[in-house]
Amino acid sequence: MALAGARYLAALVSTVPDPACAAWWRGARPSRRRWVGTAMVAVVFGALAGRAAGWGAALPAFIALALVAAPLAVIDARCHRLPDRLVGVGAMAATGLLGAAAIIGSAGWALARAAASAAMVAVGGLVLVLAAPDSIGFGDVKLAALLASYLGWLGWARVGCGILAGMLCGAGAAVGLLVTRRVSMRTPIAIGPALIAGALAVAAMPY
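Residues numbered from 1 in each chain as written. Predicted model: local features only at pLDDT ≥ 70, side-chain atom pairs only at ≥ 80, totals over all residues. Heavy atoms only, no water.

Chemist: Can you lay out unusual backbone geometry for me, pointing to particular residues and giving the numbers?
Modeler: We note that His80 has phi near 55 degrees; this positive angle belongs to a residue other than glycine. As for its placement among the helices and strands, His80 is situated in the loop between α3 (59–79) and α4 (84–104). For His80, a relative accessible area of 40% puts it in the partly exposed group. A positive phi is found at Ser106, a non-glycine position, where the angle reads about 50 degrees. Following the sequence through the fold, Ser106 ends up in the loop between α4 and α5 (108–131). (Helix = DSSP H or I, 4+ residues; strand = E, 2+ residues; numbered from the N terminus. Buried < 20%, exposed > 50% of the residue type's maximum accessible area, 1.4 Å probe, protein only.)

Chemist: Explain the nonpolar core to me, using residue names and the numbers behind them.
Modeler: Phe45, Phe62, Leu72, Leu98, Tyr150, Trp153 and Ile196 are the most contacted members of the largest nonpolar core, which has 48 residues in total. For this core, the secondary structure elements donating two or more residues are α2 (32–53), α3, α4, α5, α6 (138–154), α7 (156–179) and α8 (192–204). With 11 residues, the top contributor of residues to this core is α3. Aside from chain neighbours lying at most four places away, what touches Phe62 is Ala49, Ala52, Ala53, Leu98, Tyr150, Trp153 and Leu154. (Core = buried A, V, L, I, M, F, W, Y, C linked by side-chain atoms within 4.5 Å. Contact = heavy atoms within 4.5 Å.)

Chemist: Mind laying out α2, listing which residues take part and the relevant values?
Modeler: Between the first and last C-alpha of α2 there are 31 Å, a value that for 22 residues agrees with the 32 Å anticipated at 1.5 Å per step. Within α2 the residues assigned to the buried category are Arg34, Thr38, Ala39, Ala42, Phe45, Gly46, Ala49, Ala52 and Ala53. Take α2 and look down its axis: the buried residues cluster within an arc of 140 degrees, on one side only. Those residues of α2 that are exposed and angled more than 90 degrees off the buried face are Arg32, Arg33, Met40 and Val43. In the segment just after α2, Gly54 is the residue with positive phi, at about 70 degrees. (Expected span 1.5 Å × (residues − 1). Arc of directions from axis to C-beta.)

In C-alpha coordinates, the structure reads:
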(Lines give C-alpha, C1' and ligand atoms only; values in the text may rest on other atoms or scores of the structure.)
Protein backbone atom coordinates (compact mmCIF):
# COMPACT_ATOMS: atom_id res chain seq x y z
CA MET A 1 0.00 0.00 0.00
CA ALA A 2 2.81 2.39 0.87
CA LEU A 3 4.54 1.60 -2.42
CA ALA A 4 1.30 2.20 -4.31
CA GLY A 5 0.90 5.54 -2.55
CA ALA A 6 4.44 6.53 -3.43
CA ARG A 7 3.85 5.51 -7.03
CA TYR A 8 0.71 7.65 -7.22
CA LEU A 9 2.53 10.64 -5.81
CA ALA A 10 5.39 10.01 -8.22
CA ALA A 11 2.82 10.28 -10.98
CA LEU A 12 1.86 13.69 -9.63
CA VAL A 13 5.49 14.73 -9.72
CA SER A 14 5.79 13.46 -13.26
CA THR A 15 3.22 16.04 -14.28
CA VAL A 16 5.87 18.71 -13.73
CA PRO A 17 7.37 19.01 -17.21
CA ASP A 18 10.68 20.68 -17.79
CA PRO A 19 10.76 23.61 -18.16
CA ALA A 20 7.01 24.24 -18.31
CA CYS A 21 6.41 23.75 -14.60
CA ALA A 22 3.10 25.59 -14.66
CA ALA A 23 1.51 22.62 -16.41
CA TRP A 24 2.32 20.12 -13.65
CA TRP A 25 -1.31 19.12 -13.24
CA ARG A 26 -1.93 18.11 -16.88
CA GLY A 27 -0.98 14.49 -16.33
CA ALA A 28 1.75 12.30 -17.75
CA ARG A 29 3.10 8.82 -17.29
CA PRO A 30 5.91 8.89 -14.74
CA SER A 31 9.35 7.99 -15.98
CA ARG A 32 11.05 5.16 -14.11
CA ARG A 33 13.76 7.49 -12.86
CA ARG A 34 11.27 10.00 -11.50
CA TRP A 35 9.11 7.31 -9.95
CA VAL A 36 12.07 5.67 -8.23
CA GLY A 37 13.46 9.00 -7.03
CA THR A 38 10.17 10.15 -5.55
CA ALA A 39 9.54 6.75 -3.99
CA MET A 40 12.96 6.86 -2.32
CA VAL A 41 12.23 10.31 -0.90
CA ALA A 42 8.87 9.03 0.34
CA VAL A 43 10.53 6.07 2.05
CA VAL A 44 13.04 8.32 3.86
CA PHE A 45 10.35 10.76 4.91
CA GLY A 46 8.11 7.86 5.92
CA ALA A 47 10.82 6.40 8.15
CA LEU A 48 11.31 9.74 9.90
CA ALA A 49 7.56 10.29 10.24
CA GLY A 50 7.05 6.78 11.60
CA ARG A 51 9.82 7.27 14.13
CA ALA A 52 8.21 10.54 15.22
CA ALA A 53 4.72 9.10 15.67
CA GLY A 54 5.63 5.69 17.06
CA TRP A 55 2.99 2.97 17.23
CA GLY A 56 0.28 5.36 18.27
CA ALA A 57 -2.99 6.75 16.99
CA ALA A 58 -1.17 9.56 15.18
CA LEU A 59 0.87 7.20 12.96
CA PRO A 60 -1.54 7.39 9.96
CA ALA A 61 -1.40 11.18 10.09
CA PHE A 62 2.39 11.25 10.05
CA ILE A 63 2.59 8.71 7.23
CA ALA A 64 0.16 10.85 5.24
CA LEU A 65 2.45 13.82 5.83
CA ALA A 66 5.42 11.87 4.48
CA LEU A 67 3.53 10.80 1.36
CA VAL A 68 2.48 14.38 0.62
CA ALA A 69 5.87 15.85 1.54
CA ALA A 70 7.78 13.66 -0.92
CA PRO A 71 6.29 15.11 -4.12
CA LEU A 72 6.26 18.58 -2.59
CA ALA A 73 10.01 18.36 -1.99
CA VAL A 74 10.71 17.08 -5.49
CA ILE A 75 8.46 19.64 -7.19
CA ASP A 76 9.95 22.52 -5.22
CA ALA A 77 13.50 21.36 -5.91
CA ARG A 78 12.75 21.12 -9.63
CA CYS A 79 10.45 24.05 -10.24
CA HIS A 80 10.48 26.25 -7.12
CA ARG A 81 6.79 25.66 -6.58
CA LEU A 82 4.74 24.21 -3.76
CA PRO A 83 1.38 23.42 -5.38
CA ASP A 84 -1.63 24.44 -3.31
CA ARG A 85 -3.32 21.23 -4.37
CA LEU A 86 -0.79 19.05 -2.55
CA VAL A 87 -0.43 21.38 0.44
CA GLY A 88 -4.23 21.37 0.70
CA VAL A 89 -4.28 17.57 0.71
CA GLY A 90 -1.71 17.66 3.51
CA ALA A 91 -3.79 20.13 5.49
CA MET A 92 -6.94 18.04 5.12
CA ALA A 93 -5.04 14.91 6.16
CA ALA A 94 -3.65 16.71 9.20
CA THR A 95 -7.09 17.96 10.22
CA GLY A 96 -8.86 14.66 9.78
CA LEU A 97 -6.22 12.19 10.93
CA LEU A 98 -4.84 14.21 13.82
CA GLY A 99 -8.42 14.91 14.85
CA ALA A 100 -9.16 11.19 14.82
CA ALA A 101 -5.95 10.50 16.77
CA ALA A 102 -7.00 13.07 19.38
CA ILE A 103 -10.34 11.32 19.83
CA ILE A 104 -8.86 7.83 19.95
CA GLY A 105 -6.02 8.79 22.27
CA SER A 106 -7.88 11.40 24.33
CA ALA A 107 -5.30 13.94 23.17
CA GLY A 108 -7.38 17.06 22.90
CA TRP A 109 -4.59 19.25 24.21
CA ALA A 110 -2.20 17.92 21.60
CA LEU A 111 -4.69 18.75 18.84
CA ALA A 112 -5.20 22.26 20.22
CA ARG A 113 -1.44 22.72 20.42
CA ALA A 114 -1.09 21.56 16.81
CA ALA A 115 -3.68 24.07 15.61
CA ALA A 116 -2.14 26.90 17.63
CA SER A 117 1.34 26.06 16.32
CA ALA A 118 0.16 26.13 12.72
CA ALA A 119 -1.56 29.48 13.28
CA MET A 120 1.46 31.07 14.95
CA VAL A 121 3.88 29.92 12.27
CA ALA A 122 1.50 31.09 9.54
CA VAL A 123 1.24 34.56 11.09
CA GLY A 124 5.00 34.76 11.62
CA GLY A 125 5.62 33.64 8.04
CA LEU A 126 3.22 36.23 6.64
CA VAL A 127 5.01 38.94 8.59
CA LEU A 128 8.31 37.74 7.15
CA VAL A 129 6.89 37.73 3.62
CA LEU A 130 5.69 41.31 4.01
CA ALA A 131 8.95 42.45 5.60
CA ALA A 132 11.30 40.61 3.23
CA PRO A 133 9.38 39.29 0.20
CA ASP A 134 12.54 38.02 -1.50
CA SER A 135 13.45 35.73 1.39
CA ILE A 136 10.41 33.45 1.47
CA GLY A 137 7.23 32.87 -0.52
CA PHE A 138 3.61 32.26 0.41
CA GLY A 139 3.97 28.61 -0.55
CA ASP A 140 6.80 28.25 1.96
CA VAL A 141 4.60 29.83 4.63
CA LYS A 142 1.77 27.37 3.95
CA LEU A 143 4.19 24.44 4.06
CA ALA A 144 5.77 25.70 7.29
CA ALA A 145 2.33 26.00 8.89
CA LEU A 146 1.49 22.43 7.86
CA LEU A 147 4.75 21.14 9.31
CA ALA A 148 4.20 23.19 12.47
CA SER A 149 0.89 21.45 13.08
CA TYR A 150 2.66 18.10 13.28
CA LEU A 151 5.53 19.48 15.33
CA GLY A 152 3.00 21.10 17.66
CA TRP A 153 1.26 17.78 18.12
CA LEU A 154 4.53 16.47 19.54
CA GLY A 155 5.24 19.47 21.79
CA TRP A 156 5.89 23.20 21.86
CA ALA A 157 9.67 22.82 21.84
CA ARG A 158 9.53 20.84 18.61
CA VAL A 159 7.88 23.70 16.75
CA GLY A 160 10.66 26.24 17.11
CA CYS A 161 13.42 23.65 16.78
CA GLY A 162 11.85 22.02 13.72
CA ILE A 163 11.26 25.23 11.78
CA LEU A 164 14.69 26.55 12.76
CA ALA A 165 16.32 23.28 11.68
CA GLY A 166 14.62 23.57 8.31
CA MET A 167 15.82 27.13 7.82
CA LEU A 168 19.35 26.15 8.81
CA CYS A 169 19.29 23.21 6.41
CA GLY A 170 18.20 25.57 3.67
CA ALA A 171 20.93 28.05 4.50
CA GLY A 172 23.54 25.29 4.55
CA ALA A 173 22.38 23.97 1.20
CA ALA A 174 22.48 27.47 -0.27
CA VAL A 175 26.03 28.01 0.96
CA GLY A 176 27.09 24.67 -0.48
CA LEU A 177 25.60 25.51 -3.87
CA LEU A 178 27.27 28.91 -3.86
CA VAL A 179 30.65 27.49 -2.90
CA THR A 180 30.47 24.89 -5.67
CA ARG A 181 29.29 27.62 -8.06
CA ARG A 182 26.18 25.73 -9.03
CA VAL A 183 24.14 28.87 -8.33
CA SER A 184 24.82 32.58 -8.08
CA MET A 185 23.70 35.14 -5.50
CA ARG A 186 20.73 35.99 -7.70
CA THR A 187 19.60 32.40 -8.29
CA PRO A 188 16.39 31.49 -6.43
CA ILE A 189 16.85 28.49 -4.16
CA ALA A 190 14.00 26.25 -3.05
CA ILE A 191 13.74 25.96 0.73
CA GLY A 192 10.75 23.61 0.82
CA PRO A 193 12.83 20.41 0.80
CA ALA A 194 15.00 21.78 3.61
CA LEU A 195 11.96 22.80 5.67
CA ILE A 196 10.52 19.31 5.33
CA ALA A 197 13.78 17.51 6.08
CA GLY A 198 14.56 19.68 9.10
CA ALA A 199 11.08 19.38 10.56
CA LEU A 200 10.91 15.60 10.14
CA ALA A 201 14.42 15.16 11.53
CA VAL A 202 13.52 17.11 14.67
CA ALA A 203 10.20 15.29 14.96
CA ALA A 204 11.99 11.95 14.82
CA MET A 205 14.43 12.81 17.60
CA PRO A 206 13.93 10.99 20.91
CA TYR A 207 11.84 12.81 23.47
